[in-house]
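Observations on the model geometry
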Amino acid sequence: MTIEKTGARHEALGLDEVDLKKLYRAMLLARRVDERSWILNRQGKAAFVISCQGQEAAQIGTAYNLRPGYDYLYPYYRDSGMTLLLGQTPRDQFLSLMGKKEDPNSGGRQMPGHFSSRELNIVTASAPVGVQYPQATGTALAFKMRGEDGVAVACGGEASTSGGDWHEAMNFAGIHDLPVIFLIENNVYAISVPSKFQVAGSIAKRAEGYGFPGVEVDGNDVLAVHEAAKGAVDRARRGDGPTLIEAKTYRITAHSSDDDDRRYREREEIEEWRLKDPIIRFEKYLSENDLLGEGEKEAMDREIIAEVAEASSYAENAAFADPDDVLTGVYAGA
Ligand SMILES: Cc1ncc(C[n+]2csc(CCOP(=O)(O)OP(=O)(O)O)c2C)c(N)n1
Ligand SMILES: [Mg+2]
């Protein structure tokens with residue numbers, strides 16, 4: 001991996017030391033929240049976990065370019081890193097994970113991973129994969145009609161590009177030059193199905209057929225993702241239209257806490273990808289460029305672990321949602 005050694009990559013991207021530490025901290029926070037979530041699941045305190053592990057660079061590198069509360073994010077279930085960067089807190093995530101009343105996403109009514117915040121313009125996903133793409137495209141149309149320079153970002157896994165919604169959204173966005181970014185986090189699997197049985201050809205190249213750029217990027221390299229996303233965001237704000245980003249990455253964990261991935265993939269494959277772990281790679285870049293010493297790194301991690309522990313115990317002790325409240329906000333008038 002020679003790319004880490006080319007010192008001033010971040011300078012070429014207009015990122016200073018403060019930016020780099022924010023990027024690193026955000027990736028590590030997402031990882032630690034995720035790890036804690038699995039522990040809560042194994043303790044019987046969280047019914048279901050769906051993980052972002054391995055995809056932190058794709059998420060943080062993209063979200064770092066957005067204006068929270070102005071741009072719109074249509075995340076998918078793995079995007080906890082993105083939502084944390086935009087302003088959701090570890091406490092919010094644990095409250096949601098454990099179905100607590102204070103859960104800001106849905107008051108404990110929704111499955112974890114359905115991130116939602118009116119203040120932050122994060123729009124909840126629906127359960128069928130891919131329905132977020134036409135919704136985000138509609139929001140981009142609204143930005144354009146109002147003459148605003150906002151950007152809508154819609155995210156999903158590679159398998160969601162096999163559905164019709166994705167193609168319809170891509171086509172509509174291409175026709176009307178809309179300020180929407182499609183971020184595909186290609187993590188190689190759709191539950192147990194490897195991408196070779198799910199996706200024909202290149203995802204990134206499909207954008208050309210819809211009349212706008214498609215970029216394939218190393219999704220485990222946060223600086224490469226940042227560069228691609230910055231180009232896409234700048235282009236959208238200028239009014240030049242959509243961009244598709246295919247971030248090539250890997251799902252380190254099983255599909256969810258209910259999945260046993262030993263049934264369909266070799267442990268060696270996971271170990272190979274662990275060597276390309278986006279957090280370790282970025283650590284290496286930072287340390288090779290004397291931007292993050294061992295002591296500072298450990299202090300940051302200790303601080304994050306303490307923050308996560310505090311958030312987790314707050315949520316554990318919080319009240320459950322009231323069963324009588326289950327239909328509030330579900331049906332009109334309820
Ligand atoms: C339309 C639809 N079909 C099937 C499912 C069941 N399902 C949930 S997640 C998933 C895998 C999606 O894979 P991908 O888009 O690659 O995302 P990943 O989970 O790998 O991040 C499937 C098939 C669903 N939710 N919606
Ligand atoms: Mg996938």
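See above for the structure.
So, a few notes on the structure that sits alongside this text. Here the structure is a predicted model, which is why all the values come from computation and not from measurement.

With that out of the way, let us pick up the pairing of strand β3 (residues 180-186). For β3, a buried count of 7 out of 7 residues is recorded, marking the element as mostly surrounded by other parts of the structure. Neither face of β3 is exposed, since Val180, Phe182, Ile184 and Asn186 on one face and Ile181, Leu183 and Glu185 on the opposite face are all buried. Two elements, strand β2 (residues 152-157) and β3, share 6 bridges in a ladder whose sense is parallel. The residue of β3 that forms the bridge with alanine 154 is phenylalanine 182. Assessed by its sense of winding, the connection that carries the chain from β2 through helix α7 (residues 164-176) to β3 is right-handed.

Moving on, we come to the pattern of salt bridges. A full pass over the atoms with the stated rule returns 26 salt bridges. As a salt-bridge pair, lysine 230 and aspartate 234 come within 3.1 Å of each other at their nearest N and O atoms. Note that lysine 230 and aspartate 234 are positioned in helix α9 (residues 222-238) at a spacing of 4 residues, about one turn of the helix. As a salt-bridge pair, lysine 297 and glutamate 283 come within 3.4 Å of each other at their nearest N and O atoms. Residue lysine 297 is found in helix α12 (residues 294-317), and its partner glutamate 283 is found in helix α11 (residues 278-288); the two are separated by 14 residues along the sequence.

Here the focus is the coordination of the magnesium ion (ligand 2). Those donors, Glu158 (OE), Glu158 (OE), Asn187 (OD1) and Tyr189 (O), are the protein atoms that reach the magnesium ion (ligand 2), and they lie 2.1 to 2.5 Å from it. Between the 6 donor atoms coordinating the magnesium ion (ligand 2), the angles at the centre fall across 53 to 168°, so the site counts as irregular.

So, on to the site of ligand 1. Inspection of the region around ligand 1 gives 15 residues, with Tyr76, Tyr77, Arg78, Asn187 and Tyr189 positioned closest. Take arginine 78: an N or O atom from its side chain is 2.7 Å from an oxygen atom of ligand 1. Contact between ligand 1 and glutamate 158: an oxygen atom at 3.1 Å from a side-chain N or O atom of the residue. For the shell around ligand 1, the per-class residue count stands at 9 nonpolar, 4 polar and 2 charged.

A separate point is the sheet that holds strand β7 (residues 243-248). Strand order in the open sheet made by the 5 strands is β1-β2-β3-β7-β6, with parallel pairing throughout. The sheet terminates laterally at β1 (72-74) and β6 (214-218), the two strands that pair on one side only. Averaged over all neighbouring strand pairs, the angle between strand axes comes to 20°, with direction disregarded. Along the sheet face, helix α3 (residues 56-63) touches β2, β3 and β7 and points at about 165° away from the line of β3.

Helix-helix packing is described using two parameters, namely the angle between the two axes and the distance between the axes. α9 packs onto α3 with a crossing angle of 40° between their chain directions and a minimal axis gap of 8 Å. The orientation of α3 relative to α9 falls into the category oblique. For the crossing formed where α3 meets α9, the hand is right-handed. Across from Ala57, Ala58, Gly61 and Thr62 in α3, the residues of α9 making contact are Val222, Val225, His226 and Ala229. The residue makeup of the contact of α3 with α9, split by class, is 5 nonpolar, 3 polar and no charged.

Counted under the stated rule, the structure contains 0 disulfides. Distance from the sulfur of cysteine 52, which forms no disulfide, to the nearest cysteine sulfur (cysteine 155) is 12 Å. Taking relative accessible area as the criterion, cysteine 155 reaches 0% and is therefore assigned buried.

The next subject is the environment of alanine 309. Locating alanine 309 in the fold gives a position in helix α12. Here the alpha-carbon distance between alanine 309 and proline 90, two residues 219 residues apart in the chain, equals 9.3 Å.

Another point: the nonpolar core. The tendency in soluble globular proteins is for nonpolar side chains to be buried as a group. Leu20, Leu23, Tyr24, Phe94, Leu223, Phe282 and Leu286 are the most contacted members of the largest nonpolar core, which has 38 residues in total. Breaking this core down by element, the ones donating at least two residues are α2 (17-42), α3, α5 (90-97), α9, α11 and α12. Of the residues forming this core, the biggest block, 11 residues, is contributed by α2. Listed in part, the 25 residues of the second largest apolar core include Met82, Val153, Ala224 and Ala247.

With that settled, the discussion passes to the packing of aromatic side chains. Scanning all chains against the criterion turns up 11 aromatic pairs. Centroid distance tyrosine 76 to tyrosine 77: 4.7 Å. Interplanar angle 55°. Geometry classified as tilted. Site record: aromatic cluster; members linked through ring pairs are Tyr70, Tyr72, Tyr74 and Phe143. Between the NZ or CZ atom of arginine 91 and the centre of the ring of tyrosine 314, over which it lies, the distance is 3.5 Å. One cation-aromatic arrangement involves lysine 100 over phenylalanine 320; the distance from NZ or CZ to the ring centre is 4.4 Å.

Over its 26 residues, α2 runs 38 Å from end to end, which matches the ideal 38 Å to within 8%, given 1.5 Å per residue. Of the residues flanking the start of α2, the one acting as N-cap is aspartate 16, its side-chain oxygen 3.0 Å from the backbone nitrogen of valine 18.

Along the chain, threonine 161 turns up in the loop between β2 and α7. Within the local environment of threonine 161, its side chain forms a polar contact with the side chain of arginine 206, the two groups lying 3.2 Å apart. Every residue in contact with threonine 161, bar those within four places of it in the chain, is listed here: Trp166, His167, Ile184, Val199, Ile203 and Arg206.

Each value, and the rule that gives it
- Residues numbered from 1 in each chain as written.
- Chains lettered and ligands numbered in written order.
- Predicted model: local features only at pLDDT ≥ 70, side-chain atom pairs only at ≥ 80, totals over all residues.
- Heavy atoms only, no water.
- Buried < 20%, exposed > 50% of the residue type's maximum accessible area, 1.4 Å probe, protein only.
- Helix = DSSP H or I, 4+ residues; strand = E, 2+ residues; numbered from the N terminus.
- Pairing = 2+ DSSP bridges.
- Right-handed = clockwise from strand over helix to strand, strands pointing away.
- Salt bridge = Lys/Arg side-chain N within 4 Å of Asp/Glu carboxyl O.
- Donors = N, O, S within 2.8 Å, 3.2 Å for Na, K, Ca; no water.
- Tetrahedral: all angles 85-135°; square planar, octahedral: opposite > 155°, others 65-115°.
- Near = heavy atom within 4 Å.
- Polar contact = N/O pair within 3.5 Å; in protein donor to acceptor, adjacent residues only side chain to side chain.
- Nonpolar A, V, L, I, M, F, W, Y, C, P; charged D, E, K, R; others polar.
- Axes fitted to C-alpha atoms, helices over the stretch in contact; angles between N-to-C directions.
- Contact = heavy atoms within 4.5 Å.
- Parallel < 35°, antiparallel > 145°, perpendicular 65-115°, else oblique.
- Left-handed = near helix turned anticlockwise from the far one by under 90°.
- Disulfide = S-S within 2.5 Å.
- Core = buried A, V, L, I, M, F, W, Y, C linked by side-chain atoms within 4.5 Å.
- Phe/Tyr/Trp six-rings, centres within 6.5 Å; stacked < 30°, edge-to-face > 60°.
- Lys NZ or Arg CZ within 6 Å of the ring centre and 35° of its normal.
- Expected span 1.5 Å × (residues − 1).

Read these as spatial facts, not as claims about activity.
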